Amino acid sequence: MGRVKKTMQLIRESIGKIDTNYDICSGNINDIKRESRDAYDLICNGFRFGYIQGMKAARAERKGR
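Residues numbered from 1 in each chain as written. Predicted model: local features only at pLDDT ≥ 70, side-chain atom pairs only at ≥ 80, totals over all residues. Heavy atoms only, no water.

Draft legend 1. Geometry of the pattern of salt bridges. According to the stated counting rule, one finds three salt bridges in the structure shown. Of the charged contacts in the structure, one is a salt bridge between Asp 31 and Arg 34, with a shortest N-O distance of 2.5 Å. Of this pair, Asp 31 and Arg 34 both sit in helix α2 (residues 26–35), three residues apart, which is roughly one turn of the helix. Between Arg 37 and Asp 41 there is a salt bridge whose closest N-O contact spans 3.7 Å. In this structure Arg 37 comes out as exposed when scored by relative accessible area, which is 73%. Under the relative-accessibility criterion, Asp 41 is labelled buried at 10%. When salt bridges with common partners are traced through the structure, they connect Asp 31, Arg 34 and Glu 35 into a single cluster. (Salt bridge = Lys/Arg side-chain N within 4 Å of Asp/Glu carboxyl O. Helix = DSSP H or I, 4+ residues; strand = E, 2+ residues; numbered from the N terminus. Buried < 20%, exposed > 50% of the residue type's maximum accessible area, 1.4 Å probe, protein only.)

Here it is as structure tokens:
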């Protein structure tokens, strides 16, 4: 897998383009923070949440939502 370059640029460019049904909200962030043991765990849990949301979005797109 290739390294993602210009990480923050990609994040900034996504603002306003993510369907709110698959975005992260403050409740999700608080849950992830509360359940994470340390910064490493927090990042991994945040990534997993994003991956799951992305899979849901892809599934909805395939179904023509």
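Further notes follow.
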